[in-house]
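Coordinate inspection notes
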There are 2 protein chains.
Amino acid sequence: MKNSNYCIIMAGGIGSRFWPVSTSNTPKQFIDMLGLGKSLLQLTYDRFKKIMPPDNILIVTSDKYKNLVLDQLPEVKPENVLTEPIRRNTAPCISYANFVIQSRTKNANVVVTPSDHLIIDEEAFVSNIKTGLGFVSARDVLLTIGIKPTRPDTGYGYIQLNEKSDVDERFNKVKTFTEKPNAELAKFFVESEEFLWNSGIFLWSAENIQEALSTHLPEVYNLFAEGRNKFGTKEERDFINKVYSESKNISIDYGVMEKAKNVYTLCADFSWSDLGTWKSLYENSKKTTTKNVITGSENVIVNNTHDCLIHVPPDKIAIVNDMENYIIVDSGDALLIHRFEKEQEIKEIVNDIKREFGEDKA
Amino acid sequence: MKNSNYCIIMAGGIGSRFWPVSTSNTPKQFIDMLGLGKSLLQLTYDRFKKIMPPDNILIVTSDKYKNLVLDQLPEVKPENVLTEPIRRNTAPCISYANFVIQSRTKNANVVVTPSDHLIIDEEAFVSNIKTGLGFVSARDVLLTIGIKPTRPDTGYGYIQLNEKSDVDERFNKVKTFTEKPNAELAKFFVESEEFLWNSGIFLWSAENIQEALSTHLPEVYNLFAEGRNKFGTKEERDFINKVYSESKNISIDYGVMEKAKNVYTLCADFSWSDLGTWKSLYENSKKTTTKNVITGSENVIVNNTHDCLIHVPPDKIAIVNDMENYIIVDSGDALLIHRFEKEQEIKEIVNDIKREFGEDKA
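Please read all numbers here as calculations on a predicted model, not as lab measurements.

This paragraph deals with the packing of aromatic side chains. Tallying each qualifying case throughout the model produces 40 aromatic pairs over all chains. Centroid distance Tyr96 of chain B to Tyr244 of chain B: 6.2 Å. Interplanar angle 75°. Geometry classified as edge-to-face. Of the two residues, Tyr96 of chain B sits in helix 3 (residues 90-104) while Tyr244 of chain B sits in helix 8 (residues 236-246), which places them 148 residues apart along the sequence. For the pair Phe189 of chain B and Phe195 of chain B, a centre-to-centre distance of 3.9 Å together with 15° between the ring planes defines the contact as stacked. Per residue, the accessibility class of Phe189 of chain B equals that of Phe195 of chain B, and both read buried. Among the aromatic residues, ring-to-ring pairing joins Tyr96, Phe99, Tyr221, Phe224, Phe231, Phe239 and Tyr244 of chain A into one connected group.

According to the stated counting rule, one finds 34 salt bridges over all chains in the structure shown. Its salt-bridge partner being Asp168 of chain A, residue Arg170 of chain A comes within 2.9 Å of it at the nearest N-O pair. Taking the shortest distance from any N to any O, the salt bridge between Asp352 of chain B and Arg355 of chain B comes out at 2.5 Å. Here Arg355 of chain B and Asp352 of chain B lie together in helix 11 (residues 346-357), a separation of 3 residues that amounts to about one turn. Looking at Arg355 of chain B, the relative accessible area reads 66%, which means it is exposed. Sharing partners across several salt bridges, the network here consists of Lys316 and Asp330 of chain A together with Lys316 and Asp330 of chain B.

All right, on to the interface of chain A and chain B then. Contacts between chain A and chain B engage 30 residues on the former and 30 residues on the latter. Inspection of the chain A/chain B interface yields 20 residue pairs in polar contact (both at pLDDT 80 or more). Going through the elements one at a time, strand 15 (317-321), strand 16 (326-330), strand 17 (334-339) and helix 11 (346-357) of chain A are the ones with two or more residues in the side of chain A that touches chain B. The element contributing the most residues to the side of chain A that touches chain B is strand 17 of chain A, with 6 residues. Across the side of chain A that touches chain B, the residue classes break down as 17 nonpolar, 5 polar and 8 charged. One ladder, built from 4 bridges, connects strand 17 of chain A with strand 15 (residues 317-321) of chain B; its direction is parallel. Note that in strand 15 of chain B the partner of Ala334 of chain A across the bridge is Ile317 of chain B.

Parameters and conventions
Residues numbered from 1 in each chain as written. Chains lettered and ligands numbered in written order. Predicted model: local features only at pLDDT ≥ 70, side-chain atom pairs only at ≥ 80, totals over all residues. Heavy atoms only, no water. Phe/Tyr/Trp six-rings, centres within 6.5 Å; stacked < 30°, edge-to-face > 60°. Helix = DSSP H or I, 4+ residues; strand = E, 2+ residues; numbered from the N terminus. Buried < 20%, exposed > 50% of the residue type's maximum accessible area, 1.4 Å probe, protein only. Salt bridge = Lys/Arg side-chain N within 4 Å of Asp/Glu carboxyl O. Contact = heavy atoms within 4.5 Å. Polar contact = N/O pair within 3.5 Å; in protein donor to acceptor, adjacent residues only side chain to side chain. Nonpolar A, V, L, I, M, F, W, Y, C, P; charged D, E, K, R; others polar. Pairing = 2+ DSSP bridges.

What follows is the structure, given as structure tokens:
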């Protein structure tokens, strides 16, 4: 019997917060952001290989990155790399991949995951995902992996817990999904112990998510459902190009999870970061005695420099003196010197760069 | 009749204060430090072409830079590029070039000049040098070009003036040469109006400087004089290699000018900087409205950044935010981020780099 557990790795983002290391030509998920010798995508793929056969792992990305995916994951078959002609957020992406899975397997259970997050303790991760797959395979539920908050972070969405599941008390019913809160609210959320961070990792049966999509997002669902016989055939490509141009741009969180009634969460036993900011990368990286994170080159010398993240290309010499709380990132093509506490401005900067120097520079 | 005015351009320095733009592979004089489209050496050569025939301009440099000189000055004949096997400061350099000139012309007048200074107002420069050549050709004197100080700079040597010359009151007898003074002394020098900066540009007849060398630096003079028949012959190369290894390392200022009695100075009518520091380069460069000097690339964007010197390679994008009074120099191979007021430390840093990463990196 075929293994019916599938994984959808979403790898279409452009990671503009990490400019200039992450650019639209080589976004964050394709980069070894932590100096581990593997890109975030490769780390994600390796984690799921411990849970399901490689053939059951699909990667959804942009047309532009297909070769990058195949280069980084040489054992992945080209037909397992689904490409989107334009970015339409997670709901269309998940709907597309789900129909592909259903064209292959009748009763599939599916894990949906971002490709650019950091997970520490793979054993706990594997165990949690397996537990979750067991839970969703037997029930008409949607499951999200929640993370116990360690600080009142305003960069994450929060999940409010409701009562525990009758059948398995490791799972809680979800009361509400909350968008990124302000600082005061985040503090309240964390202190109440009633909230978890939303990791963006979802589990469900293919059938249940289709059901939820058709209920809560019929305008997206119907578009894809119209071509249900085309997935896995030569007609898929043309159909997808057409459907994406017509589809709404909407997230699965907003379009489905916030509306569905049968949502559960499993509180993760592993450590997690979405590596969404240079600060989170800094926090998850090894620091020198003077609290600097230095990556890329071995030839970086600092003097009177503290709490900086310094990245320069391999072998480049860098001398950094009298700097504190700065992001100093040299990608070879571009140099960024920016205060940590202002890093929310980087996205705007990248937009300016696109306007001024063209898409491929940012 | 042959034109008897000669020029010796000294181009053997390594410009370590300007690391990482200036490296031992491509020192400062070979670089377009000011973004004028010509290297400092090319600018120096062009100035002297207005005063004497190109064949009378000799460039003294290290073996290592001979091809660089010929590349940058394609009209210079290889025999006019004299190369030193090791650096021995200016006295041996001048002695060597002087014997070469004497092997070509019996009665030569000679201008000796650094290759890496900035001179504004070439017309005044040409006029001053011609006036100086006229003065030294008729008299048993050594002449140095003095610069009226515009600030109490502690980075320059000072010349104390004595009475004006009887024959031409544009010239003053020199009372003393002073090494770089401390701040208090420099202030006193400038306020007294009795002192000029020593530009390092010297004029004399070939005969008079030989006489002065033989009197004040016989240990150097005798070494070179021993081979007086070898200059301009096939034997020159071997002879020079031998002599340099035996010669003292000593400057013409310390070895001759400070001791000679017949030294005069002509106060320059042109503006001058030795471009000896990033600060002096900053001061001599065009500033943006926010008082930054930005060179190298057109693609540098600054925010809340003032009084910085920013250099990145052509076309490189740089975003620099919240910086004040910093030198930010990216040579491609190396990145330096350093406070202006600590720039005297750069020489030490370069020595550290040589020790740690090898000579060719610094």
